[in-house]
Structures are given as C-alpha cells and as structure tokens.
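# Structural features, examined
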Amino acid sequence: MSTTHIAPDYLAEYRDVYTDQVLNTLEALSHLNAEQKTLMSGRNARRKKRIENGTLIQFLDKKSLIGNTGLSVADARAGRFNGSEIPHDLQRQWIQGTGPAAKPNATLESSIRNVAYALLSGADGWMFDGEDALGQIKSMSLDNQRNLKLAIHKDPIFLKSAEQVATEMNRWSKDFLKKKIVDNVHKQLEHTTIIFRARGLHLDDRHITMESGDSFSASITDLILYVVNNYEELQRQGRSIVVYLPKIQTANEAAFWNHIITELESHLGLKIGTIKTYVLVEQLEATFQLMEIRAALSPHFVGFNTGRWDYINSVADAMAGISNFINPNIEAISMTYSYMAAYEDRVRKAVNTPDQNGNYALWQGGMEPNIPVGSEKGIEVGMEKALAGAKREQGAGASGKWVAHWKMVHLIRPVWEKAGEDNQLGRPFETLTYTDEDQKKLIQLADAPRTIRGARNLLSVALQYGNAFLQGFQAAALKPADFFKDDDILYLMEDMATGEIRVSVLWEWLHKKAKLTESDQSLGLAAGDSFTKKILNQLLEEEYEKLLHANSKDVHEESKTTTLPISKLIVERFVTDPVKAPWFIDLLNLNLNNEDLSVAHERVDAYYNEFKVSGQRITANQDTLVTI
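Residues numbered from 1 in each chain as written. Predicted model: local features only at pLDDT ≥ 70, side-chain atom pairs only at ≥ 80, totals over all residues. Heavy atoms only, no water.

Tallying each qualifying case throughout the model produces 18 aromatic pairs. A ring pair is formed by tryptophan 126 and phenylalanine 128, whose centres lie 6.4 Å apart and whose planes are at 40°; its orientation type is tilted. Accessibility classification places tryptophan 126 together with phenylalanine 128 in one group, the buried group. An angle of 15° between the planes, with centres 5.2 Å apart, marks the rings of tryptophan 172 and phenylalanine 176 as stacked. (Phe/Tyr/Trp six-rings, centres within 6.5 Å; stacked < 30°, edge-to-face > 60°. Buried < 20%, exposed > 50% of the residue type's maximum accessible area, 1.4 Å probe, protein only.)

Turning to the nonpolar core, a few remarks are in order. Counting 194 residues, the largest nonpolar core has Phe304 and Phe531 as its most contacted members. Looking at which element gives the most residues to this core, the answer is helix H19 (residues 452-470), with 11 residues. If we ignore the near neighbours within four places in the chain, the residues touching phenylalanine 531 are Ile452, Ala455, Leu506, Trp509, Leu510, Lys513, Ala514, Leu536 and Leu539. With 11 residues, the next largest nonpolar core counts Leu90, Tyr244, Tyr278 and Trp402 among its residues. (Core = buried A, V, L, I, M, F, W, Y, C linked by side-chain atoms within 4.5 Å. Helix = DSSP H or I, 4+ residues; strand = E, 2+ residues; numbered from the N terminus. Contact = heavy atoms within 4.5 Å.)

Our focus in this paragraph is the pairing of strand E9 (residues 301-306). Burial of E9 is extensive: 6 of the 6 residues sit out of reach of the surface. Here strand E8 (residues 275-281) pairs with E9 via 5 bridges, running parallel. Residue pairing across strands places tyrosine 278 opposite glycine 303, the latter belonging to E9. As judged from the 3 bridges shared by E9 and strand E10 (residues 362-368), these two strands associate in the parallel manner. Paired with asparagine 305 across the strands is glutamine 364, a residue of E10. (Pairing = 2+ DSSP bridges.)

A sheet is described by the order of its strands in space; here 3 strands give the open sequence E1-E5-E6, paired in antiparallel fashion. Two strands bound the open sheet, and with one partner strand each, they are strand E1 (4-6) and strand E6 (215-217). Pairs of neighbouring strands in the sheet enclose a mean axial angle of 60°, with direction left out of account. Examined bridge by bridge, strand E5 (residues 204-210) and E6 share 2 bridges and lie antiparallel to one another. Along E6, the bridge assignment pairs aspartate 204 with serine 217. Of the strands in this sheet, E5 and E6 are in contact with helix H3 (residues 32-53), which crosses E6 at around 90°. (Axes fitted to C-alpha atoms, helices over the stretch in contact; angles between N-to-C directions.)

This next bit is on the sheet that holds E8. As summarised here, the arrangement of the 8 strands in space is E2-E3-E4-E7-E8-E9-E10-E11, forming a closed barrel in which the pairing is parallel. Neighbour-to-neighbour, the strand axes of this sheet turn through a mean angle of 25°, independent of strand direction. As defined by bridge partners, E10 adjoins strand E11 (residues 400-403) across 3 bridges and the pair is classed as parallel. Bridging across to E11, methionine 367 finds its partner in tryptophan 402. Across the sheet, helix H7 (residues 140-152) touches strand E3 (125-129) and strand E4 (193-197), and the angle it forms with E4 is around 165°. Each of E9, E10 and E11 touches helix H16 (residues 376-396); the most contacted strand, E10, lies at about 165° to it.

Scanning all chains against the criterion turns up 47 salt bridges. Taking the shortest distance from any N to any O, the salt bridge between arginine 456 and glutamate 542 comes out at 2.7 Å. Of this pair, arginine 456 sits in helix H19 while glutamate 542 is found in helix H21 (residues 533-548), placing the two residues 86 residues apart along the sequence. On the accessibility criterion, arginine 456 (10% relative accessible area) is buried. Glutamate 542 gets classed as partly exposed once you look at its relative accessible area, which sits at 27%. Taking the shortest distance from any N to any O, the salt bridge between lysine 546 and glutamate 543 comes out at 2.7 Å. Separated by 3 residues within a single helix, lysine 546 and glutamate 543 lie in helix H21, roughly one turn from each other. (Salt bridge = Lys/Arg side-chain N within 4 Å of Asp/Glu carboxyl O.)

Spanning 18 residues, helix H24 (residues 597-614) covers 26 Å between terminal C-alpha atoms, matching the ideal 26 Å at 1.5 Å per step. Positive phi appears at glycine 615, one or two residues downstream of H24, with a value of about 80°. (Expected span 1.5 Å × (residues − 1).)

Turning our eyes to something else, we now look at the environment of tyrosine 343. Inspection of the secondary structure puts tyrosine 343 in helix H15 (residues 338-351). Overall, tyrosine 343 belongs to the buried group, its relative accessible area being 0%. Apart from the residues within four sequence positions on either side, tyrosine 343 is in contact with Val281, Thr287, Asn305, Thr306, Gly307, Tyr311, Met335 and Leu442. A polar contact is formed between the side chain of tyrosine 343 and the backbone oxygen of valine 281, at a distance of 2.7 Å. (Polar contact = N/O pair within 3.5 Å; in protein donor to acceptor, adjacent residues only side chain to side chain.)

Next up on the list: the packing of helix H2 (residues 20-29) against helix H10 (residues 218-236). As a packed pair, H2 and H10 sit with axes 10 Å apart at the nearest point and diverge in direction by 140°. Relative to H10, H2 is oriented oblique. The handedness of the crossing between H2 and H10 is right-handed. Residues Gln21, Val22, Thr25, Leu26 and Leu29 of H2 form the contact with H10, whose own contacting residues are Ile220, Thr221, Ile224, Leu225, Val228, Asn229 and Tyr231. The residue inventory of the contact of H2 with H10, partitioned by class, reads 8 nonpolar, 4 polar and no charged. (Parallel < 35°, antiparallel > 145°, perpendicular 65-115°, else oblique. Left-handed = near helix turned anticlockwise from the far one by under 90°. Nonpolar A, V, L, I, M, F, W, Y, C, P; charged D, E, K, R; others polar.)

Running from N to C, H19 and H21 cross one another at 50°; their axes reach a closest spacing of 9 Å. Classified by the angle between their axes, H19 and H21 sit oblique to one another. Seen along the crossing, H19 lies across H21 with a hand that is right-handed. On H21, the residues that touch Ile452, Ala455, Arg456, Leu459, Ser460, Leu463 and Gln464 of H19 are Ile535, Leu536, Leu539, Leu540, Glu542, Glu543, Tyr544, Lys546 and Leu547. Of the residues assigned to the contact of H19 with H21, the class counts are 10 nonpolar, 2 polar and 4 charged.

If you want it as structure tokens, here you go:
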C-alpha cells in the first residue's frame, strides 16, 4: 500500500516528472518524513526557548557527537573526516548565476526560455532554484522540474528555444558589450555546470502528502524529482550531480541531509558521494558549526556560499529575545559590516581547513543583485558598485560569486579572469578558533544610520515582494516606490530573502523601541525618537497608497485589488504581532492561489493561534487539505 498521496490532477498532468522510478523512490524514502518533522519541531522549540530566556547561541561542546555520523565536534574541527574531492566541473566556478527554470502562468515554450538564458549566459555554473526564487503558485515547482529535465536531455523544444534566445542575447550584447556572447549555441550549452537548489527542511511540498494526510517534505521531494529524473543523463554527459542545500541551521540538520542523500544514492545504486552539495550559510547558528556541517556532509560536501539578506534575517531572528540588539538600516549592513565581516571570515577559514586527506572546499561569494537596466548614470554607478564588491570578494579568497541576472555574467566574470586562478582552494588563513571573543564578533553591532527613509524602504519593498510572491514571482526586480520614476536608481533582483529581512528588521525596530539616528521633518521626528506603532501605521498607509497609484510596470494593475491587499495584511500582522513568526514565507505560502482577503485573515489568524499554543507552524498546502 502506498504511503504517499499525490493530487490526482497533477499526477496525471506531470507523469513525465512523476515517473514510475520517481514514485518508487518517493515510497522508499517516505519514512524519512517523520524524522524531518521531529528535527523541525526541535528547531522550533530551541528558538522559542532562546527568545523567551534571552539566551545567545554558543559553540558546541567539542566532546559532543554530530547526529548519527559517529564523528565528534573535536574530530570535525580538526579535519578528522574524509571529505570530498572537487569534481572537474566545479574546479572553476568564477560566476554562478541563480534563478528559476520556470515562469508563472506561462506556456512551456515561454517558460523554458529561463533555462536557455541561463545555460547560454557564459556563467561557469547556474543554480536553478527550487526555493527562494521559484514561484510556488499552481504547479510551478513541477514546471521547474519539467523544464530542467527537457533541457538536460536536450529535448527539441528546449533546443529550439535556445536558438531563439541566443539571437536575443546577442542583440543585447552587441549594443551593451560591443560583442556577441553566443557564437555556437550547442557548444555554449555544454559550458555551464547545472546545479539545483532544493527547498529547505522547514518547507512542505504543495502536491504530495502522506496517505495519512500529514504534509510531506519539500526537501525530500525536490531532491528525488531532480536527481531521479536526471542522474543517468548527467552522468552520460560526464557532468556532476550537484545540489545546493539551503537554510541549514545545525550540524545535526546537515547530518540528516547527508542521510537523505546517502539513502537516495543507495536506492539508485550510485556510489556514496556521487551527489555533490554546496551549503548556503544563511543562518547565524550554522556559522557557529561550520566545520561540523562540513564533516556531517563530508562524502558529498564541496563548498559554502555566503549570502547577505538571508543571513542578516537569521541574525535578527536569533537575537529576537535580546532587547538591546537592534539592526540599523539594512543598506548599511554590507559584507564588511561588523558581524557580517566576522561571518565571512569564519567561512573562508572553514573551507581552507584541510580534511585528513588534505582536501579543501570551495567558498562561493555572495549575490550581486544589480541589473544593467536604467539610465546611463544609474548603470554606471551600479556597475562600479558591483565590480567593487566582486574585487573585494576575490581578494578576500572567494573562488567565485553569484549573479542574479544573466546580463551580469560578462560584467563580473573578468574580475576572476584577470586573477587567472581556477579557484582559491587551500589559500592560507589563520586557524579557526572557538573563543568567547569569536562568539561576540558574530553578533557585534556597529554604529550606522537607522532612519525613516530606511523604514520606508523596508515597508515598500516588503509590500511589493509579498505581492510579487503571491503572483508567482518569487524572483522580482524591485526598488522602493519613491524611486520608481528615478532611472538613476536601479532595480535589484530580489528573492524571498528580501521579504524575510525587511519584515524581520521592522519587527525588531517596533518591538525593541528602536531609536532613530536622524530627524525626519515630514513626520516631525527628532534624532533619538523611538520607532512606534503610530509611526509604523502612518508609513504603512503612505507606502501602500504609493503602490496603489503606481503604474503597471511596477505593480501589476490586477494585483491592486487581489494580492496586494493580502500582502499588506501579512506584512502588518508579521511586524505588529508581539510574537515573532519564524518565517514570513509561512504566511505567504498559506495564501498562494488565494485572492480573498477574508480567507487570508482566517489563515493568518489560524497560523498565529497554532504557533502561540503549540509552538508549531502551519506549513501544509491549504488547497491540498481541501481536496484530500
């Protein structure tokens, strides 16, 4: 008897994705779902205790064991584990692009163009996103898998699209770069290493449940659908099977991921260690356990990625119970800001600590969100900033970085081309230490502005992002409404992290009574005044009105009476409720495919009621619950 249930309409429509082998593998690994639920319950309880008691994250006891690995923390820190060698097609990853392989409400021919732009971009790798940048309305997660499968197998539908896209890309590049960037379509398609990002352990799939009605892991789903559908073809082409693992908070969670991957390899008859993994260091707690995470994933692990928005959000969330920890304007929190610099330094030291076989790991630098679209002045300033960031990361030891748009590949890649090294594996740094001072550095604030302008930016982009998410655009080009008509201010490509950080910092400012560092004449505020609910409410209404009156280029007209009001409801509830929800995405996910504001109120209320009573999050697809 089957232990999992797939909505019949989706099972019938996506049999090319839900193949017999996929269904068999889902059954074989479905027992891991309960273990994941237990792990996430433990995470929620740990967070609740930390907030209520005002405690800080600590380094692990060096004598403790890591999950079911048999390795001690001391073993991990000393490199006493067998790490993975870096495969040939990951040795040089100067630029990795990121983005989804599908579009919302699009035909196959239109949607699959996303993959063509990515694989023709000239990037050394492309992380096709199943998580933060992929919309989840309707069947988008399945469209994402279908498009990747068609591209990897070089289906005629994809190849036809690639020819058309190459022409468009060359038209742009001849004008902007004064050269073609695609000479031979088929040869170019072989250049880019294909990487897939699965959804995190905190998320559930929207189409699969347990037969009992319990929700089912998005992580297990994504890994199985991607690997089972493509592993044979990737291996036939001599390509590695590579996945990015997001939102890992602890080494025990990494060990669970390792368990999933190892079971999948065994089920498919693959050698253990065949599947390679990067880990996005997006969580403060993970930074306290870097070597432990690396050891827990040791047969599969190839590198860490450092990001910005998700990490800042995790710091704010981890410090929610510390009343005097209040972030400044997020524009001031660059990668050289106090606790961010400490975080990056620990990552580069961790990857350059050798394992017992002398193997090192890769450090992939953070995201470049700028897009070369705007006024001549705006593009010039934006590109100068982007290049400065890339040069800093390369100089700091990163073997490459991310870009959020294909147009940025040929603008940023020359930084690493000029350096001339495939990677920076084994670059010498001081040894990682685990002192009280190291712990303090990871949560140390620095003087920086905290202003009404900063608050307006937070609110405007949070509202826009929530609206885009509910429309199916989890990756969206955004900027604050006050700058919609200013082409000197570029749009930035943003994903779910941009929503998370904005509401998280606003919650912090409101509930910790943040002091403004500058006066604001329009609101009659002086430096030193507190950020109050009255101020928040006024700003929220003003920024919302600006979006209602924006043109359709910036805010889709039909969304102004459907998803934008729901976005406002969710942003307002998240920021004003004294109990801080762990994830903004939870409230948005509950309202996917919903345009009824009264239903949204019911779902958000139900979430907070459940979370406050049991400490558990509601993560199941509400539409699926109705149909089963």
